[in-house]
Amino acid sequence: MATEPIQWRYPLADLDLGEPEQQAVAAVLQSKWLTMGAQTQAFEAEFASAHGAKYAVAVGNCTQALHMALLALGIGPGDEVIVPSLSFVATANAVLYTGATVRFAEVIGLHTPTLDPESVLGKINKHTRAIIPMHYAGYPCQMQPLVDLAARHKLAIIEDVAHAPGASLNGRALGTYGSIGAFSFFSNKNLSTGEGGMLLTDSEALDARLRLLRSHGMTTLTWDRHKGHANTYDVVALGYNNRIDEIRSAIGRVQLAKLAANNQRRLQLTRRYWQAFAGSPIETPFSDGYSGDPTDHPMLKPAGHILPVLLPKGANRANVMAALRQAGIQTSIHYPPIHSFTAYRQRYGEQSLPITEEYAARELTLPLYPALGEDDVDIIAKAVISAIGETKEKEQ
Ligand SMILES: *Cc1c(COP(=O)(O)O)cnc(C)c1O
């Protein structure tokens, strides 16, 4: 029996899809070339150029991208990779796929919930091979300390840029600080193709390796043979089928063209939320670093992927979420810490990451998408503040 989807007044996310995407998809169908071809090549070239990277490799999703990045760097059994526990489970799962071991590190603090370089330093041992910083909510990790630390200890950096396409720090795009950057085009991300992902690198050797891994280690592709560039192929590595298709690449190109304006809009709305919560019991992570006008921070351009807030200590989050649901406002939690999941506790035992745990226990993610209005933000913020008040009264 199908249940009716809830009619949210304010869903958590809402895609900016329209006529241009429909036309792009129709054109691919008319071309009758559905898998990697001209659209994918153009999407890769445009994505690389938008981020100031030399090479881009489009893939089926970001989970595959992270897995391929680790494999391309030669990481496998006996190696250790340091990741934040405050991330989507894919960040850690990708490490396990290779046979390597996951080491969870802390985030900096409740108002800066990105990977803490000090904590990373404490997790390094002779087996450590790589660090995967994740640009939580679209805000940059402290890349310079992480890059310095990685250089000192001869570690690779793979950036999980799922939240931060089009974002930059000191004029340099996120996803280009490490050896490889892995992006997601999943249905609720800033640039969406339903499913999809992209790898960025400046290394010709890594680009070649990633292309082999994407398509069964084959030296030529169906597209090359179609274009008459090749008749046959060799298989020179154990690769996968991690390809994207032309329909999604065509959607991606349209979405990429809107990305900068949509990221900017997300940031405007984010600042409106921060203003609306000022002086209330709701805390707003990242807001300390972005006071005043956005033009005051020309060197810091986050992607504003999600809007995380912290409820007061001891607030009953489930009740707050239920009250907001009654008001038609969809909320979520980013994230239950990876180290707390059953599969990870079974593998590694109990671990303690106090800042990550407190953050995850108090975090609530509010609606954020380009079509949201400033008035909507005020309505949602008011509803959150009054839900805190109401649920408090009920508890007393
Ligand atoms: C969405 C997401 C992923 C996984 O992306 P997919 O494209 O769905 O595989 C990885 N890491 C983070 C932080 C994400 O948010």
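**Student:** Whenever I open this one, the packing of helix 3 (residues 62-72) against helix 4 (residues 90-97) confuses me. Can you help?
**Tutor:** Any two packed helices are characterised by the angle at which their axes cross and by the distance between the axes. Running from N to C, helix 3 and helix 4 cross one another at 45°; their axes reach a closest spacing of 9 Å. If you check the angle between helix 3 and helix 4, you find them oblique. Judged by the sense of rotation from one axis to the other, the crossing of helix 3 with helix 4 is right-handed. Residues T63, L66, H67 and L70 of helix 3 form the contact with helix 4, whose participating residues are A90, T91, A94, V95 and Y97. The class makeup of the residues in the contact of helix 3 with helix 4 is six nonpolar, three polar and no charged.

**Student:** Any chance you could explain the packing of helix 3 against helix 7 (residues 204-214) here in plain terms?
**Tutor:** Put simply, helix 3 and helix 7 touch, their axes get as near as 10 Å, and they point 125° apart. Taken together, the axes of helix 3 and helix 7 lie oblique to each other. Along this stretch, helix 3 crosses helix 7, giving a crossing that reads as right-handed. Of the residues in helix 7, those touching helix 3 at M68, A69, L71 and A72 are L206, R209, L210, L213 and R214.

**Student:** I keep staring at the sheet that holds strand 8 (residues 168-169) and nothing clicks. Help me out?
**Tutor:** Sheet strands pair via backbone hydrogen bonds, and the direction of the pair is either parallel or antiparallel. The strand order 9-8-12 describes an open sheet built from three strands, whose pairing is antiparallel. Both outer strands of the open sheet, strand 9 (172-173) and strand 12 (300-301), are each paired with one neighbouring strand and no more. Note that strand 8 and strand 12 share two bridges and pair antiparallel. Following the sheet pairing, S168 is matched in strand 12 by K301.

**Student:** Can you walk me through the site of the ligand in this structure?
**Tutor:** Around the ligand, the structure places 16 residues, and the nearest of them are C62, T63, D160, S184 and K189. At a separation of 2.8 Å, an oxygen atom of the ligand approaches a polar backbone atom of C62. Side-chain polar atom of S184 to an oxygen atom of the ligand: 2.7 Å apart, as the coordinates give it. Taking 380 Å² as the accessible area of the ligand by itself, protein coverage stands at 93%. Of all the elements in the fold, those that place two or more residues in the shell around the ligand are helix 3 and helix 4. Here the shell around the ligand is composed, by residue class, of seven nonpolar, seven polar and two charged.

**Student:** Honestly, the sheet that holds strand 10 (residues 180-184) in this entry has me stumped. Any pointers?
**Tutor:** Strand order in the open sheet formed by seven strands is 1-11-10-7-6-2-3, and the pairing between neighbours is mixed. Edge positions in the open sheet fall to strand 1 (55-59) and strand 3 (101-105), since each of these has one partner strand only. Across the sheet, the mean angle from the axis of one strand to that of its neighbour is 25°, orientation sign disregarded. Strand direction decides the pairing type here: strand 6 (residues 128-131) and strand 7 (residues 156-160), joined by two bridges, are parallel. Of the residues in strand 7, the one forming a bridge with I131 is I157. Together, strand 1, strand 10 and strand 11 (197-201) form the strand contacts of helix 2 (residues 38-50), whose direction differs from that of strand 1 by roughly 130°. Against the sheet, helix 6 (residues 143-152) touches strand 6 and strand 7, its axis set at about 150° to strand 7.

**Student:** What exactly am I supposed to notice about the side chain of T220 here?
**Tutor:** Mapping T220 onto the fold places it in the loop between helix 7 and helix 8 (222-226). Take T220: its relative accessible area is 14%, and that puts it in the buried class. Within the local environment of T220, its side chain forms a polar contact with the backbone oxygen of T232, the two atoms lying 3.1 Å apart. With residues near it in sequence (within four places) discarded, T220 still touches R225, A230, T232 and Y233.

**Student:** Where do I start with the pattern of salt bridges in this structure?
**Tutor:** Oppositely charged side chains can pair when the atoms bearing their charge come close. Per the counting criterion, the structure on display carries 15 salt bridges. A salt bridge links R214 to E44, with the shortest nitrogen-to-oxygen separation between them at 2.8 Å. Of this pair, R214 sits in helix 7 while E44 is found in helix 2, placing the two residues 170 residues apart along the sequence. R214 gets classed as buried once you look at its relative accessible area, which sits at 3%. The closest approach of N and O atoms between E358 and K313, which form a salt bridge, is 4.0 Å. Residue E358 is located in helix 12 (residues 354-362), and its partner K313 is located in the loop between strand 13 (307-310) and helix 10 (317-326); the two are separated by 45 residues in the primary sequence.

**Student:** Would you explain the environment of V107 in this entry?
**Tutor:** Mapped onto the elements of the fold, V107 is located in strand 4 (residues 107-109). Remark: the alpha-carbon pair of V107 and P84, spanning 23 residues in sequence, is separated by 6.9 Å. Setting aside residues no more than four positions away along its own chain, V107 makes contact with L86, T112, P113, T114, L115, D116, I355 and T356.

**Student:** Got a minute to help me understand the packing of aromatic side chains in this structure?
**Tutor:** Within the structure shown, the criterion is met by 12 aromatic pairs. Aromatic side chains F47 and F183 sit 4.9 Å apart centroid to centroid with 80° between the ring planes, which places their arrangement in the edge-to-face category. Of the two residues, F47 is situated in helix 2 and F183 in strand 10; the sequence distance between them amounts to 136 residues. The two residues F47 and F183 agree in class, both being buried. Between F47 and F185, the ring centres sit 5.5 Å apart and the planes meet at 70°, which makes this aromatic pair edge-to-face. You can see F47 sitting in helix 2 and its partner F185 sitting in the loop between strand 10 and strand 11, a full 138 residues away along the chain.

What counts and how
- Sequence order sets the numbering: in each chain, residues are counted from 1 along the sequence as written.
- Local features are withheld for residues below a pLDDT of 70 in this predicted model, meaning they are given only at 70 or higher, and side-chain atom pairs are given and counted only at 80 or more; totals for whole chains, interfaces and linings count all residues.
- No hydrogens and no water enter the side-chain calculation; it runs on all heavy atoms of the structure.
- Under this scheme, a helix contributes an axis fitted over its contacting stretch, all axes are lines through C-alpha atoms, and angles between N-to-C directions fall in the 0 to 180 degree range.
- Only DSSP runs of H or I with at least four residues qualify as helices, and only runs of E with at least two residues qualify as strands; both kinds are numbered from the N terminus onward.
- Roughly parallel here means an angle under 35 degrees, roughly antiparallel means over 145, roughly perpendicular means 65 to 115, and every remaining angle is called oblique.
- Rotating anticlockwise by less than a right angle from the far helix to the near helix defines a left-handed crossing, while the corresponding clockwise rotation defines a right-handed one.
- By the convention used here, residues are in contact when the closest approach between their heavy atoms is within 4.5 Å.
- Note on residue categories: nonpolar means Ala, Val, Leu, Ile, Met, Phe, Trp, Tyr, Cys or Pro, charged means Asp, Glu, Lys or Arg, and polar means any other residue, Gly included.
- When DSSP finds two or more bridges between a pair of strands, those strands are recorded as paired.
- When at least one non-hydrogen atom of a residue lies within 4 Å of a molecule or strand, that residue is treated as near it.
- Here a polar contact is taken to be a pair of N or O atoms separated by no more than 3.5 Å, where protein atoms must pair a possible hydrogen donor with a possible acceptor and residues adjacent in sequence count only if both atoms sit in side chains.
- For accessible areas, the Shrake-Rupley method is used with a probe of radius 1.4 Å. Any residue's cover is judged against the shown protein chains and nothing else.
- Accessible area is worked out with a 1.4 Å probe on protein chains only. A residue is then buried under 20% of its type maximum, exposed over 50%, and partly exposed in between.
- Salt-bridge detection follows one rule: a side-chain nitrogen of Lys or Arg within 4 Å of a carboxyl oxygen of Asp or Glu.
- Working definition: rings of Phe, Tyr and Trp (its six-membered ring) pair if their centres are within 6.5 Å, and the pair is stacked with planes under 30 degrees apart, edge-to-face with planes over 60 apart, and tilted otherwise.

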